[in-house]
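Listed below, chain by chain, are the residues.
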Protein chains: 2
Amino acid sequence: MSAGRTARERVRAELTREITDIARRHLETDGAGGLSLRAVAREMGMVSSAIHRYFPTKDDLLTALIIDAYNAVGQAVEDADDAAPRDDYAGRWMAMCRAVRAWALAHPHEYALIHGTPVPGYQAPQDTVDPAARDGIRFSRLLSEASRAGEIRVPPPTDAPVGAFSDAEKLRETIFADVDPEVALRGLHAWTWLYGAVSFELFGMYNNIVEKRAATFEHGALSMAAYLGLSPR
Amino acid sequence: MSAGRTARERVRAELTREITDIARRHLETDGAGGLSLRAVAREMGMVSSAIHRYFPTKDDLLTALIIDAYNAVGQAVEDADDAAPRDDYAGRWMAMCRAVRAWALAHPHEYALIHGTPVPGYQAPQDTVDPAARDGIRFSRLLSEASRAGEIRVPPPTDAPVGAFSDAEKLRETIFADVDPEVALRGLHAWTWLYGAVSFELFGMYNNIVEKRAATFEHGALSMAAYLGLSPR
DNA sequence: AAGAAAAGAGAGCACCGCTCTTGACGTTTG
DNA sequence: CAAACGTCAAGAGCGGTGCTCTCTTTTCTT
């Protein structure tokens, strides 16, 4: 993001940033499917074809927006985790949950971009997988640290087939080191709940049903901490 | 859906059905945003404008598809519940979970229509709210019946603000009759987990992370039954 | 200062949703 | 039994879309 050396590179970087900013704003009104390169170009006072110099195709622009969104929520989760006392594991979980919800409420359309319906015809390129994993990695690290510290009361194993993770060895040995398999799976389920709750709230599934959204979310996150076996402080 | 009396009404009903069928197929390839009345008309050998006689606007067609989808998943949940032994409450919960997942896997694009990103600019009309509530009502009824039968081991209350439901009186007194508030809230969270899990699986969030999807889902649903306090049989 | 590279402009193609008007039907009523 | 009415197909047209192609202008490098 540092200023390029030549004037051309600088103005190019600036225009690129302006394009993504405008596109993000258009996302709010028209959704990912309705994103229009022409409209962005028009708003920039640019002729419609010129924008293809910066993003050859609409999918390229979409990819940029998706990567930005993943990084934004990942950053929010990391910041929230970093701001909490290291040994308050339940508190860190709560902080991460609140960070995800707060970011999603503040950027509903970017959230929809990464956790809503996949854009038809869009194939996520390899560049998106690392940013997409940031939040989950932070969360699994929390479980690992809590486990090592003996701060997880391992729940009784669920009577169900296990061995769910792919690349089981790699994942369990790195991300989920020292985590009881039942806890690791419950971590996955709690993580699933978190995004399910945010999606429900954002996508209108709580309309006419849940009134006090923040309180309900807080209750859910807390009871999920108990479900995980995280000792409260 | 019964055959109309006049020939005109009959052919109209048939064409209407053909339109929704084709539209459903288009949904699979182009998504809700890319749904094209013209394309449907073309596929039917109809001139583009004629289709507006059946669905005045694209949103009307969308509404029909959405109502159908809600009813389909609601029906699947109801059938699954009906097929399970009445007093096996955990089994009924599992059956409902599997029904939702199975229906979603079989109709991913219709699932996306009702649980994915809201279609921008689309305002769900009143006709959609009753079908949308079918599955949830069935689930809350299960909790009520289990509570009345004393088959729920009420979990310790989560230390969090409550009173989350809207129209609290109406909801608690009708749908969630005899259900402990903590259990009712956990029911909401478990319900949230269910759709979060299905969405994660369908929208590709488990890619590169979870391999054995069915087993993981089974584990999650079972551990959610325990989370709810539903006694296993 | 000259040549190369990058960017912008504009036309064009094949689509899209939707509106409006026209004309051909079938049904119902006087 | 025929005329009035309601229903629906058809087509033209408007303003929009992504993307490609050519052509000119600007900028950087040598």
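Basis of the calculations
- Residues numbered from 1 in each chain as written.
- Chains lettered and ligands numbered in written order.
- Predicted model: local features only at pLDDT ≥ 70, side-chain atom pairs only at ≥ 80, totals over all residues.
- Heavy atoms only, no water.
- Domains from an automatic or database assignment.
- Contact = heavy atoms within 4.5 Å.
- Buried area = accessible area lost by both parts, 1.4 Å probe.
- Near = heavy atom within 4 Å.
- Polar contact = N/O pair within 3.5 Å; in protein donor to acceptor, adjacent residues only side chain to side chain.
- Helix = DSSP H or I, 4+ residues; strand = E, 2+ residues; numbered from the N terminus.
- Nonpolar A, V, L, I, M, F, W, Y, C, P; charged D, E, K, R; others polar.
- Salt bridge = Lys/Arg side-chain N within 4 Å of Asp/Glu carboxyl O.
- Phe/Tyr/Trp six-rings, centres within 6.5 Å; stacked < 30°, edge-to-face > 60°.
- Buried < 20%, exposed > 50% of the residue type's maximum accessible area, 1.4 Å probe, protein only.
- Lys NZ or Arg CZ within 6 Å of the ring centre and 35° of its normal.
- Core = buried A, V, L, I, M, F, W, Y, C linked by side-chain atoms within 4.5 Å.
- Expected span 1.5 Å × (residues − 1).

Asks: For this particular structure, what's the right way to read the domain arrangement of chain A?
Replies: Note: interface size is frequently given as the accessible area lost on complex formation between the parts. Residue and element names in this part refer to chain A. Parsing chain A into structural domains produces domain 1 (1-56) and domain 2 (67-228). Placing a centre on the C-alpha atoms of domain 1 and another on those of domain 2 gives a separation of 32 Å. Facing four residues of domain 1, the contacting portion of domain 2 comprises five residues. The contact between domain 1 and domain 2 buries some 460 Å² in all, and 67% of this surface belongs to carbon and sulfur atoms.

Asks: Explanation requested: the protein's contact with DNA strand D in the structure shown.
Replies: Around DNA strand D, 23 residues are found, and the nearest of them are Ser36, Leu37, Arg38 and Thr57 of chain A together with Arg53 of chain B. For DNA strand D, the fraction of protein-proximal atoms (within 4 Å) that sit in sugar or phosphate groups is 48%. Ser49 of chain B has a polar side-chain atom sitting 2.8 Å from a base nitrogen of DNA strand D. Sorting the residues of the surface near DNA strand D by element identifies α1 (7-30) and α2 (37-43) of chain A together with α1 (7-30) of chain B as the ones contributing at least two each. Residue contributions to the surface near DNA strand D peak at four residues, all from α2 of chain A. Tallied by class, residues from the surface near DNA strand D come to eight nonpolar, seven polar and eight charged.

Asks: Help me out: how do you make sense of the protein's contact with DNA strand C in this one?
Replies: Taken together, 18 residues lie around DNA strand C, and Arg53 of chain A together with Ser36, Leu37, Arg38 and Arg42 of chain B are the ones closest in. Measuring from a phosphate oxygen of DNA strand C, one finds a side-chain N or O atom of Arg42 of chain B at 2.5 Å. Between DNA strand C and Lys58 of chain B, the relevant distance is 3.3 Å, taken from a phosphate oxygen to a main-chain nitrogen or oxygen of the residue. At the level of secondary structure, the elements contributing two or more residues to the surface near DNA strand C comprise α1 of chain A together with α2 (37-43) of chain B.

Asks: How should the interface of chain B and chain A be read in this particular structure?
Replies: With 50 residues of chain B at the interface, the matching set in chain A holds 50 residues. Roughly 4,100 Å² of surface becomes buried between chain B and chain A when both sides are summed, with 67% attributable to carbon and sulfur atoms. Ranking the residues of chain B by area buried against chain A places His189, Thr192 and His219 of chain B at the top, with a combined share of 15%. There are zero salt bridges connecting chain B and chain A. Counting the contacts that link chain B with chain A gives eleven residue pairs in polar contact (both at pLDDT 80 or more). Breaking the side of chain B that touches chain A down by element, the ones donating at least two residues are α1, α5 (108-115), α8 (181-202) and α9 (213-228) of chain B. Split into classes, the residues belonging to the side of chain B that touches chain A amount to 27 nonpolar, 16 polar and seven charged.

Asks: Help me out: how do you make sense of the packing of aromatic side chains in this one?
Replies: The way to describe two aromatic rings as a pair is by their centre distance and the angle between their planes. Per the stated rule, a full pass over the model turns up 17 aromatic pairs over all chains. Between Trp93 of chain B and Phe139 of chain B, the ring centres sit 5.1 Å apart and the planes meet at 45°, which makes this aromatic pair tilted. Of this pair, Trp93 of chain B sits in helix α4 (residues 89-106) while Phe139 of chain B is found in helix α6 (residues 129-148), placing the two residues 46 residues apart along the sequence. On the basis of relative accessibility, which here comes to 3%, the residue Phe139 of chain B falls in the buried class. Relative to Phe217 of chain B, the ring of Trp193 of chain B has its centre 5.6 Å away and its plane inclined at 25°; by these criteria the two rings are stacked. One end of the pair, Trp193 of chain B, is in helix α8; the other, Phe217 of chain B, is in helix α9, with 24 residues separating them in the sequence. Comparing Trp193 of chain B with Phe217 of chain B shows no difference in burial state: the two are buried. If you follow Arg101 of chain A out to its NZ or CZ, it ends over the ring of Phe217 of chain A, 5.4 Å from the centre. Arg186 of chain B extends its terminal NZ or CZ atom over the ring of Tyr227 of chain B, reaching a point 4.5 Å from the ring centre.

Asks: So what exactly am I meant to see when it comes to the nonpolar core here?
Replies: Burial of nonpolar side chains together is a common tendency in soluble globular proteins. Trp93, Trp193, Leu194 and Leu230 of chain A together with Trp93 and Leu194 of chain B are the most contacted members of the largest nonpolar core, which has 135 residues in total. Beyond its immediate sequence surroundings of up to four residues, Leu194 of chain A is in contact with Cys97, Val100 and Phe217 of chain A.

Asks: How should α4 of chain B be read in this particular structure?
Replies: Two residues of an α-helix separated by three or four positions point the same way, owing to the 3.6 residues in each turn. If you check α4 of chain B, its first and last C-alpha atoms are 26 Å apart, about what 18 residues at 1.5 Å a residue would give, namely 26 Å. α4 of chain B sits mainly inside the fold: 13 of its 18 residues count as buried.

Asks: How should I be thinking about the environment of Ala132 of chain A in this particular structure?
Replies: Residue and element names in this part refer to chain A. Relative to the helices and strands, Ala132 resides in helix α6 (residues 129-148). Ala132 sits in the partly exposed class, given a relative accessible area of 26%. C-alpha of Ala132 to C-alpha of Ala69: the two residues are 63 residues apart in sequence and 8.9 Å apart in space.

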